[in-house]
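A look at the structure
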Amino acid sequence: MKDGHATAGMRTTVGLTAWADHIPATDSTIAARLRKAGAIIIGKTNVPPRLRDLQTVNPIFGRTVNPWDVTRTPGGSSGGAAAAVAAGLVPLEIGSDAGGL
């Protein structure tokens, strides 16, 4: 699950050092709906701070790279999500886009 989505009992940093140890008590709407549908959330994928950059790098987890060419970025803010799917770590991910606002 993208680290921008609150996930109960699982660290959710939104890429911010101030939230490095933040563990929400409740799920975001998307996390709750996925769990209700039977999904098992196995981890969090990297995001830029506040999900606001064209690449995925933050001071907690560093830079996410394209798993097929480490000289390239999978972009942001869903770069960690894209890299996890491309690497075969997960069968699906939840991306998001604020560009259309």
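What you are looking at is a predicted structure, and each value in this text was computed from that prediction instead of being measured.

Our next topic: the overall build of the protein. Along its length, the protein carries two helices and two strands. Along the chain direction, N to C, the helices and strands of the protein fall in the order α-β-β-α. On C-alpha atoms alone, the protein measures out to a radius of gyration of 13 Å, which is about the 13 Å that the 2.2 N^0.38 rule sets for 101 residues. Along the three orthogonal principal directions, the C-alpha set of the protein runs to about 35 × 30 × 30 Å. Each of the 101 residues in the protein was classed as buried or not, and the buried ones make up 33%. Just so you have it, the protein exposes about 6100 Å², and 57% of that area is on carbon and sulfur atoms. Computing the positive centroid from 10 side-chain charges and the negative centroid from 7, the protein places the two 4 Å apart.

Now for helix H2 (residues 79-86). Turning to H2, its buried residues number three or more, namely Gly-79, Gly-80, Ala-81, Ala-83 and Ala-84. Positioned one or two residues after H2, Gly-88 has a phi angle of 80°, which is positive.

Procedures and definitions
Residues numbered from 1 in each chain as written. Predicted model: local features only at pLDDT ≥ 70, side-chain atom pairs only at ≥ 80, totals over all residues. Heavy atoms only, no water. Helix = DSSP H or I, 4+ residues; strand = E, 2+ residues; numbered from the N terminus. Rg over C-alpha atoms; globule rule 2.2 N^0.38 Å. Buried < 20%, exposed > 50% of the residue type's maximum accessible area, 1.4 Å probe, protein only. Areas by Shrake-Rupley, 256 points an atom, 1.4 Å probe, with all protein chains shown as cover. Lys, Arg positive; Asp, Glu negative; His and termini not counted. Charge placed at Lys NZ, Arg CZ, Asp CG, Glu CD.

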